[in-house]
Amino acid sequence: MWIAATLIASLAQTGRNAAQAGLTSRIGTMGATGVRFLFGLPFALLFLGLIALVEPLPRLNATAFGYAATGAVSQIAATALMLTAMQRRGFAVATALIKTEPVTLAILGAVLLAEPLTPARLGAIAVATTGVLAMSGSGWRRAGPGPAALAILAGGLFGLSAIGFRGGILSLPSGGELMRATTILVLSLTLQTVLVGAWLASRDRPALCGMLAAWRESLGAGFLGALASQFWFLAFALAPAANVRTLALVEVVFAAAVSRHRREAMGPRQLSGMALIVAGVVGLLWTTH
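Small disclaimer: the values here were computed from a predicted structure and weren't measured.

Looking at this model, I keep getting lost on the overall build of the protein. Mind explaining?
Looking only at helices and strands, the protein has 14 helices and 0 strands in total. For the protein, the proportion of its 289 residues judged to be buried stands at 54%. In the protein, the proportion of contacts linking residues at least 24 apart, taken out of those at least 6 apart, comes to 88%. If you sum the accessible surface of the protein, you get close to 12000 Å²; carbon and sulfur atoms cover 70% of it.

Below, the structure is given as structure tokens:
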């Protein structure tokens, strides 16, 4: 079930990233960053309301709140860095560099959540990550170290956010996986909406007005963001975050399709990198089985 949830989330996230990247040139980085939160929260509340019809809401505790807050703040910073890197380097290469996060996740998961890190599992993650680096290798030499560093830092922060979200889900005292995942999703999006909304209202009102003016595109990006997050959080409830995010490296293949549509060149290095990614993902699934 976590495999299906991860694949659905990856597809939805690729669409959301493309929509956000298109909005960046119109309303700025923070405006495009805020779209996924401000326009995603209503859909997440709808998801939670539907689930609450058949299952009671779990009671929040300080541990779950702390983990969710860590994930929420890390994801805001990671999203802003991701969009900046996409502007400077290109959609597919930036996405590839961001996907170095499974290594960070594996280490953080072992340290913070006591998730076992077997040699076979670490090897599969390493193979997939090598594929990511191979795929993006020819691109960031031309761009210089700045965009590459931004993308890798974004990947690390996305990894920290995943640990925070999984920790929050596991810390709730009751409820099934879907209910606990959706509860933490709504809590996280609420915190993110308050933080980003307050920042935009005080520091970048033109971006806030731009989001409202582009409400059709913003609504679409918000829906795709909420849909992707719903399935990410469900996957985090069912499996270690490093496993989920390693399987999610298939998003690089989806991003390549978007890049092809945008007429961004994909050479032999990128194709060989994709092959390594697929090999690493298959190895991970084998070790999990």
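From this point on, the discussion continues.
Can you help me understand the packing of aromatic side chains in this one?
Two descriptors summarise a pair of aromatic rings, namely the distance from one centre to the other and the angle between the planes of the rings. Considering all chains together, one arrives at 3 aromatic pairs under this definition. Considering the side-chain rings of F165 and F233, the 4.5 Å spacing of their centres and the 35 degrees angle between planes classify their relative orientation as tilted. Of this pair, F165 sits in helix α8 (residues 145–171) while F233 sits in helix α11 (residues 215–238); the two residues are 68 residues apart in sequence, bridging distant segments of the chain. Note on F233 and F236: the rings are 6.3 Å apart at their centroids and 50 degrees apart in plane angle, and the pair reads as tilted. Of this pair, F233 and F236 both sit in helix α11, 3 residues apart, roughly one helical turn. For the pair formed by F233 and F236, the shared burial category is buried. Taken together, the ring pairs connect F165, F233 and F236 into an aromatic cluster.

What is the right way to look at helix α1 (residues 2–27) in this model?
Since the α-helix packs 3.6 residues into each turn, any two residues three or four apart lie on the same face. With 26 residues, α1 should cover 38 Å at 1.5 Å per step; its first-to-last C-alpha distance of 35 Å lies within 8% of that length. G28 lies just past α1 and shows a positive phi near 90 degrees.

Rules used in this analysis
- Residues numbered from 1 in each chain as written.
- Predicted model: local features only at pLDDT ≥ 70, side-chain atom pairs only at ≥ 80, totals over all residues.
- Heavy atoms only, no water.
- Helix = DSSP H or I, 4+ residues; strand = E, 2+ residues; numbered from the N terminus.
- Buried < 20%, exposed > 50% of the residue type's maximum accessible area, 1.4 Å probe, protein only.
- Contact = heavy atoms within 4.5 Å.
- Areas by Shrake-Rupley, 256 points an atom, 1.4 Å probe, with all protein chains shown as cover.
- Phe/Tyr/Trp six-rings, centres within 6.5 Å; stacked < 30°, edge-to-face > 60°.
- Expected span 1.5 Å × (residues − 1).

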